[in-house]
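If you want the building blocks of each chain, they are given just below.
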Amino acid sequence: MTLVLILNRTLRLANAISYAASDDSGEKVILTGETADVAGIALPPGTELMALAGPSAHPAVSARIVGRAEHWVKGGSALGARASRWLRSAEWRLRYVDRLKSLFESGKGPDSTFDQVDVSEALRELESSHVIEQIVVFDLFDLPPALAFAATRDLPVKVR
Amino acid sequence: MACSEDLAANRGWRTGGATLRVCVISPWYPDRYSAYSGIFVRKQVEAVEALGAEVWVENPEIYPAPPGKVPPEVWEALRELARRDPYAAFDTNGTVTKVPSPVPSRSGYLGRVDAFTRAIRLKREVLPVDVDVTHAHLGIPTGLAALELGDSPIVVTEHQSTLERMLSEPGAVAQYRKVVERADLFICVSGHLRDRILAACGDDLVDRIELLPNIVDLSDIEFRVRSDFRTSNWIYVGSISQHKGVELLVRAFERYRKVNSAATLTIVGEGPHRPWVERYASGRGFRSAMTVTGSLPHSSVGQFLDAADVMVHLSPSETFGIASLEAIGAGLPVVSLRNGGAQDAWGDIESEVGVLLDLSADAGDVVDAVSDIGSGALKLDPERARARVIESFSPDEVGRRLFEIYQKLA
């Protein structure tokens, strides 16, 4: 029986890891679009990582790359801190442009939550190797596909 | 009769026998993810509960979203889940309910108002509150959200240190003025913070703003007299964030290590600047002298304060400064910046608790201040300082005053 924790973007990664650490019910799988952010972080026992394909996993906007660049420019100076903030801002812009580009390429409008496709597919893939017991959503943008997936299987879904 | 009215007041009843019911809305509240966030809000809640009030807490939490409008299907999914199972959508622990609120990037503080308002409204559809008074912590986003929700009467307490940044957003000053003018009572936790609001929003609001300090609870913090003037073991308690002055802290500590190679620095807290702090210490060769505990329950802070010799807290801006006051309560001398909150809260015991440095202080000034304490030259009076903290900021004192405010408005 597997608890699935979903967060396309890793901005609430610490929350997901903390939740996984506090749950001792069994196996846990973290589904995320930014596995690079999780690489190097000690996951709680019994927790594995599975990648979601999607715009946020685009190498050009990898949070890991931004993190390394941030490390390089920062060095503790005020100028470095400003450069660091600029990098973060640039990261958001790149992601936004990347998202829009993908949406238009896929023929969907800018209001489409195309991340749904990735989450649904990942859950179906996971289902082939795990018995999913519950889904816990840490990114609200992942809630629609999680609910749609759970509805046909009578699985409980939680937002945390 | 006066006698029964007193009894009613003591039991948390409004005159007439009804229990006083309060809804607290705060974006900060301790939870499984952060033991420190909003601990001062929880202290207030516990203090008025101890007087018999029933308090429900709505804790809107920012769920970061991409720039632009949040797609309707996200809100619809949250609504669907809430209707099916309210507690699956709104994590509830006792009387505290978390309210997930999708906030688009770059939507600013007013974007948070929209998200909080919509999410709390959705929460109340399935988990309603029926209260006598709403107490919102922070003017924007939470106070304005409470107004948008139509709550009445409303008490608003301001204690955010990033006030100027928030008010620099287009339209924010006008919205903030609306909150101050329409709230039934607007509270600041320090005179310094009130002055900042008046400077940004207009002096004409002066009569609309009352002062009520935060609670400083010393029940888990033991007092110990330090008579040997040791200053080897530094401690900082708080968020590891750039705006808290942690860069100056580690640079000053690095400099102090040159005159005292046995010195240690304990950082009790967590925050986005932790990687920088750890990298800096490693790169400069003093990582082994530094301990970073991460986020801990507030109840365990006392043991770290007990083991320390001096608190060094170099935040350039504080609305109140609870961490310094807790250190004073533990008998520690404190080196702090004149950050607004510190000099307000320390008041006339400033010379007896440590050293307040100008905001322009550099690492050398910090080391000099610590050395002054270590020399025993300062006339510190930790017993009187602790007594003053208890007298002014104890849960009993602040809770009583807050309870009276609620009663008056209910």
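Residues numbered from 1 in each chain as written. Chains lettered and ligands numbered in written order. Predicted model: local features only at pLDDT ≥ 70, side-chain atom pairs only at ≥ 80, totals over all residues.

(A) Seen up close, the overall build of chain A. Across its full length, chain A holds six helices and five strands. Starting at the N terminus and walking to the C terminus, you meet the elements of chain A as β-α-β-α-β-α-α-α-β-α-β. Put simply, chain A has 160 residues, and 35% of those count as buried. Considering only intrachain contacts with a sequence separation of at least 6, the fraction spanning at least 24 residues in chain A is 59%. (Helix = DSSP H or I, 4+ residues; strand = E, 2+ residues; numbered from the N terminus. Buried ≥ 20, exposed ≤ 12 C-beta atoms within 10 Å, placed from the backbone. Contact = placed C-beta atoms within 7 Å.)

(B) Here's a closer look at the overall build of chain B. The helix and strand tally for chain B stands at 18 helices and 14 strands. Taking 410 residues into account, the globule formula puts the C-alpha radius of gyration at 22 Å, and chain B, at 22 Å, falls close to it. On the principal axes, the C-alpha backbone points of chain B span a range of 60 × 60 × 40 Å. Taking all 410 residues of chain B together, 49% fall into the buried category. (Rg over C-alpha atoms; globule rule 2.2 N^0.38 Å.)

(C) Examining the environment of F116 of chain B more closely. All names here are of chain B. Summarising the element assignment, F116 is placed in helix α5 (residues 108–126). Looking at F116, the number of C-beta atoms within 10 Å reads 28, which means it is buried. The residues contacting F116, other than those within four sequence positions of it, are P60, S101, P141, T142 and A145.

(D) Structural view of the interface of chain A and chain B. Listed as interface residues are 28 residues of chain A and, on the opposing side, 26 residues of chain B. Elements represented by at least two residues in the side of chain A that touches chain B include exactly α1 (13–22), α3 (63–74), α4 (78–105), α6 (143–151) and β5 (157–159) of chain A. Ranked by the residues each element gives to the side of chain A that touches chain B, the list is headed by α4 of chain A, at five residues. Looking at the side of chain A that touches chain B residue by residue, the classes come out as 13 nonpolar, six polar and nine charged. (Nonpolar A, V, L, I, M, F, W, Y, C, P; charged D, E, K, R; others polar.)

(E) Highlighting the nonpolar core. Within the largest apolar cluster, 152 residues are counted, with the highest numbers of intra-cluster contacts made by L5, I6 and L143 of chain A together with V22 and V312 of chain B. Looking at this core element by element, the count peaks at seven residues for α5 of chain B. Look past the residues within four positions of L143 of chain A in its chain and what remains in contact with it is V137 and V159 of chain A together with V74, A77, L78 and L81 of chain B. (Core = buried A, V, L, I, M, F, W, Y, C linked by C-beta atoms within 7 Å.)

(F) Structural view of the confidence of the model for chain B. Residue and element names in this part refer to chain B. For chain B, per-residue confidence averages 92 on the pLDDT scale, and 96% of positions sit at 70 or higher. pLDDT under 50 marks residues 1–5. Its contacts with residues more than four places away, or in other chains, come to one contact. Scored below 50 in pLDDT, residues 7–13 makes 14 contacts in the model with residues more than four places away or belonging to other chains. Under the prediction, the complex receives an ipTM of 0.81, its pTM being 0.83. (pLDDT = per-residue confidence, 0-100.)

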